[in-house]
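# Coordinate inspection notes
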Amino acid sequence: MRTQLPKLTLDTKQMKAVEKTISEPTRATLNASLMGTGKTLMATETALGLGTKTNLIIGPLNTFWGWHDTIQRQTDYKSNGLHKIDSSKAGLKHLRNLYEGQEGWYFIGREYFRTKDWSNYKPDLVVVDECHFAQNRQSKSHKALMRLKAGYKLSMSGTPYGNNFEGFWAVSRWLWPDIIPKSFWGWAYDWCEMGYSPFTKHEIVGEKEEGKFVSSLPSYVRLHPDKEIDTVEEVRYVDLAPAQRKIYNKFERDLVVWLKDNPLIADVPVAARIRLRQITLATPVINADGDVDFDDESVSTKYKALLEIIEDNPNEPMLLLTDSQKYARLVTRRLNKSKQVAFEWSGKASQKQREEAKKSFIAGGLKYIVAVIPAIAEGVDGLQDVCSVIVWLSHSDSNVLNQQVLDRIRRRGQKKIVRVYDIVARDTYDEGQLSTLVEKQLSMNRTLRKGRNV
């Protein structure tokens, strides 16, 4: 049985945001507040203020309990809780109840959401949590969302358009279909800076005037944490081991390299970037299934740099980040072998295992979480209570995911200076990627910050 929690009170800024959302004539709002400003609480209080009967929340699966607990505590535990819609017997029953208009709070994971036809149902309120998941106008997620009508609409994300400004069209089109043009390219030529591509002829470079589009939206909210979390960032450069450098240079030049008797080939740029990152992590091998992997003999100068950071921060719990599940497994195995208690937080771990690891980490039993970036980027709260050290072993190509996972630690509740270490391999894709991601984040900050705030 989960512990009964006391009701939360909105602060002044949150209250203004809720009042703005409730009173908005278009019955739609985009809440682009940063992480740690209480978006879940504001959404719950918006529903209570509106008095809506059927409330549907679409979001990442691992946010379910956060929503559940917030709804329970804000209703003084008088509600029947949050009903999860999924493919289970109970989940399908909740879906039928929602279709029939039975009063209640309902939650559906975004993966399951896009498999359903929503054209014949209209909930009183729909909340889209982490709404950037539907920013691709050609995706099943966006198409499913466009079929879903609602009495009131609330989309939430600190990075609403994802990695590219053009994603704003899909996000805002669902909210205001009568205001945002039906033609994407008509919208794009109004708001976007255009370039030329020999392949598509239409290439969107970014926003024409940063911040102007959000200023045009009927109802836009962006709150910042009351207290900026002090952050110290440090780049630790490493040189690839001779074996790594030989493989890296050959692969970068030819996009094919032989590992013993097996060819490592990349046919497309995305695959090439993944392979280049893998080689900077450790010397790769081809496993029995024909996949790129790491083994106990893999040489990793990044791992040696990690051990130095651990020595510099004795007894500090740490969040260690990489885009490679196979490298996360290698690092976890090596740390545990050296009697450092570590857990691999990846798609290979069940939701129950992750919950148990989180509890152990907060309680002090687990010292290191070695996380694959997409697996921990959303819906994980509480790590900031005990951890203030982050180590990047590699980044994701998605700036949104990188920012979200950073804010797992750099958020409300953090009482220490956050130390962020970035282990970068010299003269590799690491360095080029780093500068690109920094520029993308600066552009996003300018675009979102200039909108009308409450």
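These remarks concern the structure in this document. (Residues numbered from 1 in each chain as written. Predicted model: local features only at pLDDT ≥ 70, side-chain atom pairs only at ≥ 80, totals over all residues. Heavy atoms only, no water.)

Spatially, the seven strands line up as an open sheet ordered S3-S4-S2-S5-S6-S1-S9, and their pairing is parallel. In this open sheet, the two strands that pair with only one neighbour each are strand S3 (82-85) and strand S9 (220-221). One ladder, built from four bridges, connects S3 with strand S4 (residues 104-109); its direction is parallel. Paired with isoleucine 85 across the strands is isoleucine 108, a residue of S4. Running at roughly 110° to S3, helix H4 (residues 89-99) makes contact with strand S2 (54-59), S3 and S4 of the sheet. (Pairing = 2+ DSSP bridges. Helix = DSSP H or I, 4+ residues; strand = E, 2+ residues; numbered from the N terminus. Contact = heavy atoms within 4.5 Å. Axes fitted to C-alpha atoms, helices over the stretch in contact; angles between N-to-C directions.)

Another point: the pattern of salt bridges. Opposite charge on two side chains lets them pair, provided their charged atoms get close. For the structure shown, the criterion picks out 16 salt bridges. Residue glutamate 166 pairs with arginine 137 through a salt bridge whose shortest N-O separation is 3.4 Å. Here glutamate 166 is found in the loop between strand S6 (152-156) and helix H7 (168-175), whereas its partner arginine 137 is found in the loop between strand S5 (125-129) and helix H6 (140-146), with 29 residues between them in sequence. The partner of aspartate 312 in a salt bridge is arginine 236, with the nearest N and O atoms 2.8 Å apart. Separated by 76 residues along the polypeptide, aspartate 312 in helix H12 (residues 301-312) and arginine 236 in strand S10 (residues 231-238) bring together distant segments of the chain. Each of Arg110, Glu111 and Glu378 takes part in a single network of salt bridges with overlapping partners. (Salt bridge = Lys/Arg side-chain N within 4 Å of Asp/Glu carboxyl O.)

Here valine 285 is to be found in strand S13 (residues 285-286). Each C-alpha atom, one on valine 285 and one on leucine 259, is 6.3 Å from the other, the two residues being 26 residues apart in sequence. Residues within four places of valine 285 in sequence aside, it is in contact with Leu259, Asp291, Val292, Asp293, Phe294 and Asp295.

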